[in-house]
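Read off the chains here:
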Amino acid sequence: MDTRSSTTAPAPARRALSGLLRRGVGAARRAPLSAALALVVVAASVYVIAVPLAVVRYPPMTDLPFHAAETAAFRHYLDPAWHFREQFTLQPLAVPYMSMYALGALLMLVLPPVAAVKVAAAAMLALLPAGLAVLFHGLKRSPLLGVLGLHLVWCNLTHWGFLNHMGALGLFAMVVGLTLLLLERPSRGRQIALALALVALFFTHIFRFPFALAAVVGTAIVVFPATRRLRPIALPLAPSLALFAAWLVVRTDTLHAAPIAPALHWERLREVPSLLFTSFTDPAEAAAAGRAARFVLAALLVCAAGAAARLAGAGGDAARSPEGAGADAARSPEGAGADAACSPEGAGAGAAPSPAAGAPRWSFARLAALVPVACAIVFLGLFLSLPLQIGLWWYVYPREIVAALFLALGAFPDLPRSPWLKVPAVLALSAAAVFLGAVARDNYRRFDQSTRDFDAIIARIPRAPRLLYLVFDHGGSTRTTTPFIHLPAWVQATRGGWLSFHFAVWDASPVAYRPREEPGAVVPPPTPLRWEWTPSVFDVRRHGAFFDWFLVRRRAGANHLFAKDPSIVAVDHVGDWWLYRRSGAP
């Protein structure tokens, strides 16, 4: 055996990374300005997404503590010291909101739980600019326009903690972009990329997935006059369709469609501003949103001027050409989709022959431009017609305006070719995102001060407690929606054990409570609907017997809540938090 070859030969991953670096360096040398602008966009993305999460230990996203708790359930499910297997059953296919939890659980192998969840949250948000960049690439425009996706990163949905929804929007845009790339120039690599993006979307947000399937098929139909291709999308659809068929069989009752009676509510258009950037009482948020809008408008005007100049130049060239504009279009990059039908690469992927001679020539780029607009119109229709609540699903229609606006960004014109216009356009778009990110950073930093008492008092709680928590007071932050309501779920995320309230009770997440009658099941007692929002219904004799630790946020004190059970004694009081335990509890 030649041991030298096994120790000196580069691994496949190393070879792939080396190849990417070589291509990146080569591209930077060929187009240094584009490389510099790409660095600006990457730097803006890191600042806007990562910095607000880095300045706070517990981000004030309302639902994030339970995302953390469910992530920990996957990470420590087989560890008896955390007691998750006694409570929960895992259902990654029946309720496939898995991508953030899977990523977070993997990160927990090398990072502390809080850090791992924040990195996973950042990855979900990073899909917005990344997906939009792929979409613009498929539209034959500059991927640098993906920076537009940063402008919606810190909208109200993010602060609610709807991170699966936000990540799914980025993946949806990525699916559309990869579909366009595949249809314009089929290749095996692009088919694999589209298949993986669809599977990722399936495991990120199951209710966004059917729209992605429709978008793939619809995109193929829209650009068919230019490509004469449908077959390349068949193979990429197969894996996710198989998963979807399996899900239809095993899905939980909660995920069955509830009957609705959609009706158009045009008055909702007046609600749009209040549904985007009203997460803080800080007036800086509205000021930053206005300033960002002005910068985006300025960049739009610059890009529109560049597009007008290109059209004027193209029109003059076509008028001087003896062959006319139709022949020029066939030779242009926009006409590459039709030419690829005759190429060996296109034929290998099952491409159809080119249109017959004399047939009208269609511009791939112009047809492709219709796709994001059509998607945005569909989501706008959902915003105007869906109810606020469907079954257990709440805040339904407000989510769709974010989807509509995100896809509408795909109508943004391409960056100008002139560096004198291109540079200020990219800088303006990046600055607009930074304004919004700075507001999130400042208010998240303030929230960090508001949770110092929480961090101090939970240090007294042992591993795997049976914890009942009550949140009476929600003041102390700049959030317009309470970030304290689920904050104690971080105890389960970092220590394991049981909670008095958990998202698992709804059977609408990948972590669900086991049936109480199962042998070995140790499940907290059921609680009334909206228990977490109505702590005043708590009666220690009815609701407290299962638990041995009690955490209360109440400025006026909490001793009276436990007066009827003398076995419960005070442990500590820090800031607005009060901690109690049952005598003899570990």
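About the criteria used
Residues numbered from 1 in each chain as written. Predicted model: local features only at pLDDT ≥ 70, side-chain atom pairs only at ≥ 80, totals over all residues. Heavy atoms only, no water. Helix = DSSP H or I, 4+ residues; strand = E, 2+ residues; numbered from the N terminus. Contact = heavy atoms within 4.5 Å. Areas by Shrake-Rupley, 256 points an atom, 1.4 Å probe, with all protein chains shown as cover. Expected span 1.5 Å × (residues − 1). Bend = angle between axes of the 7 residues up to and from the residue. Buried < 20%, exposed > 50% of the residue type's maximum accessible area, 1.4 Å probe, protein only. Pairing = 2+ DSSP bridges. Phe/Tyr/Trp six-rings, centres within 6.5 Å; stacked < 30°, edge-to-face > 60°. Lys NZ or Arg CZ within 6 Å of the ring centre and 35° of its normal. Axes fitted to C-alpha atoms, helices over the stretch in contact; angles between N-to-C directions. Parallel < 35°, antiparallel > 145°, perpendicular 65-115°, else oblique. Left-handed = near helix turned anticlockwise from the far one by under 90°. Nonpolar A, V, L, I, M, F, W, Y, C, P; charged D, E, K, R; others polar. Salt bridge = Lys/Arg side-chain N within 4 Å of Asp/Glu carboxyl O. Core = buried A, V, L, I, M, F, W, Y, C linked by side-chain atoms within 4.5 Å. Polar contact = N/O pair within 3.5 Å; in protein donor to acceptor, adjacent residues only side chain to side chain.

Engineer: Hey, could you run me through the overall build of the chain in this one?
Structural biologist: Looking only at helices and strands, the chain has 23 helices and nine strands in total. Considering only contacts in the chain between residues 6 or more positions apart, those separated by 24 or more positions represent 78%. Accessible surface for the chain amounts to roughly 25,300 Å². Of this, 66% is attributable to carbon and sulfur atoms.

Engineer: Sorry, what's going on with helix α3 (residues 32-54) here?
Structural biologist: Side chains three or four residues apart in an α-helix point the same way, a direct result of the helix having 3.6 residues per turn. With 23 residues, α3 should reach 33 Å at 1.5 Å per residue; the first-to-last C-alpha distance of 31 Å fits that figure. Largest kink in α3: about 25°, centred on tyrosine 47. For α3, the complete set of buried residues consists of Leu37, Val41, Ala44, Ser45, Val48, Ile49, Pro52 and Leu53. Those residues of α3 that are buried lie in contact with α6 (113-138) and α20 (419-450).

Engineer: Looking at this structure, how should I read the sheet that holds strand β5 (residues 498-499)?
Structural biologist: Hydrogen bonds along the backbone pair up the strands of a sheet, which may run parallel or antiparallel. Across the sheet, five strands lie side by side as β5-β4-β7-β9-β8; this open sheet has mixed pairing. Edge positions in the sheet fall to β5 and β8 (568-574), since each of these pairs with one other strand and no more. Pairing geometry for strand β4 (residues 466-471) and β5, over two bridges, is parallel. Within β5, the position partnered with leucine 467 by the bridge is leucine 499.

Engineer: What is the right way to read the packing of aromatic side chains from this model?
Structural biologist: Each aromatic ring pair is summarised here by two numbers: the centre-to-centre distance and the angle between the ring planes. Inspection of the entire model under this criterion finds 37 aromatic pairs. When the centroid spacing of 5.6 Å and the interplanar angle of 20° are considered together, the rings of phenylalanine 244 and tryptophan 247 count as stacked. Pair noted here: phenylalanine 244 and tryptophan 247 are both in helix α12 (residues 234-250), with a separation of three residues, about one helical turn. Given a relative accessible area of 18%, phenylalanine 244 falls into the buried group. The buried category is assigned to tryptophan 247, whose relative accessible area is 3%. Here the aromatic rings of phenylalanine 562 and tyrosine 580 are separated by 4.6 Å at their centres, their planes lie at 45°, and the arrangement is tilted. Here tyrosine 580 lies in strand β9 (residues 577-582) and phenylalanine 562 lies in the loop between β7 (549-553) and β8, a separation of 18 residues in the sequence. Classification of phenylalanine 562 by relative accessible area gives buried; the value is 3%. Here a set of aromatic residues connected by ring pairs shows up, and it is made of Tyr97, Phe202, Phe203, Phe207, Phe209, Phe244, Trp247 and Trp393. Positioned above the aromatic ring of phenylalanine 435 is the side chain of arginine 291, whose terminal nitrogen or guanidinium carbon lies 5.1 Å from the ring centre. When the ring centre of phenylalanine 162 is taken as reference, the NZ or CZ atom of arginine 399 above it lies at 4.2 Å.

Engineer: Could you clarify how one ought to interpret the packing of helix α5 (residues 99-107) against α6 in this entry?
Structural biologist: The packing of two helices is summarised by the inter-axis angle and the distance between the axes. Two elements in contact, α5 and α6, have axes separated by 8 Å at closest approach and are oriented at 140°. When the interaxial angle is binned, α5 and α6 end up oblique. The handedness of the crossing between α5 and α6 comes out as right-handed. Within the contact between the two elements, α5 uses Ser99, Met100, Leu103, Gly104 and Leu107 and α6 uses Ala116, Val117, Val119, Ala120, Ala121, Ala123 and Met124. The class makeup of the residues in the contact of α5 with α6 is 10 nonpolar, two polar and no charged.

Engineer: Looking at this structure, how should I read the environment of alanine 570?
Structural biologist: Residue position: alanine 570 is located in strand β8. The class of alanine 570 is exposed, set by a relative accessible area of 58%. Separated by 20 residues in sequence, alanine 570 and phenylalanine 550 place their C-alpha atoms 9.2 Å apart. Sequence-distant contacts of alanine 570, that is, excluding residues within four places in its chain, are made with Leu579 and Tyr580.

Engineer: What is the right way to look at the pairing of β9 in this model?
Structural biologist: Two faces, one strand: in a regular strand the side chains alternate between the faces of the sheet. In terms of residue burial, β9 counts as a mostly covered element, since five of its six residues are buried. Two strands pair when backbone bridges link them, and β7 and β9 are joined in this way by five bridges, in the antiparallel orientation. By the bridge assignment for β9, phenylalanine 550 is matched with tyrosine 580. With antiparallel pairing between neighbouring strands as the criterion, β8 and β9 make up a hairpin whose turn holds two residues, including glycine 575 at a positive phi of roughly 60°.

Engineer: Looking at this structure, I do not really get the pattern of salt bridges. What am I missing?
Structural biologist: Tallied over the full model, the rule gives 13 salt bridges. One salt bridge in this structure joins arginine 555 and aspartate 576, with 3.5 Å as the shortest N-O distance. Taken together, the residues span a long stretch of sequence, with arginine 555 in the loop between β7 and β8 and aspartate 576 in the loop between β8 and β9 at a distance of 21 residues. For aspartate 565, the salt bridge identified is with arginine 582, shortest N-O distance 2.9 Å. With aspartate 565 in the loop between β7 and β8 and arginine 582 in strand β9, this pair connects stretches of sequence that are 17 residues apart. For the pair shown, aspartate 565 and arginine 582 are each scored as buried.

Engineer: Is there a simple way to explain the nonpolar core in this structure?
Structural biologist: Burial of nonpolar side chains together is a common tendency in soluble globular proteins. Counting 176 residues, the largest nonpolar core has Trp154, Phe406, Phe412, Phe454, Trp490, Leu551 and Phe562 as the members making the most contacts within it. It is helix α8 (residues 163-184) that contributes the most residues to this core, 15 residues altogether. In this structure, phenylalanine 406 is in contact with Leu128, Leu132, Gly149, Leu152, Leu169, Gly170 and Ala173, ignoring residues within four places of it in sequence.

Engineer: What is the right way to read the side chain of serine 45 from this model?
Structural biologist: Considering the arrangement of structural elements, one finds serine 45 in helix α3. Reaching out from serine 45, the side chain makes a polar contact with the backbone oxygen of valine 41 at a distance of 2.9 Å. Apart from the residues lying within four places of it in its own chain, the contact partners of serine 45 are Ala50 and Leu150.

Engineer: Explanation requested: the environment of alanine 263 in the structure shown.
Structural biologist: Among the structural elements, alanine 263 can be located in the loop between α12 and α13 (284-320). Separated by 121 residues in the primary sequence, alanine 263 and leucine 384 have C-alpha atoms spaced 7.6 Å apart. Other than its neighbours up to four places away in sequence, alanine 263 contacts Leu384 and Ser385.

Engineer: Sorry, what's going on with the pairing of β7 here?
Structural biologist: With five of five residues buried, β7 is to be regarded as a mostly interior element. Here β7 shows two buried faces, one formed by Trp549, Leu551 and Arg553 and the other by Phe550 and Val552. Examined bridge by bridge, β4 and β7 share five bridges and lie parallel to one another. Its bridge partner lying in β7, leucine 467 is registered against tryptophan 549.

Engineer: How do you make sense of helix α4 (residues 64-75) when you look at a structure like this?
Structural biologist: For α4, with 12 residues, the first-to-last C-alpha span of 16 Å sits near the 16 Å given by 1.5 Å per residue. Buried residues dominate α4, accounting for 11 of its 12 residues.

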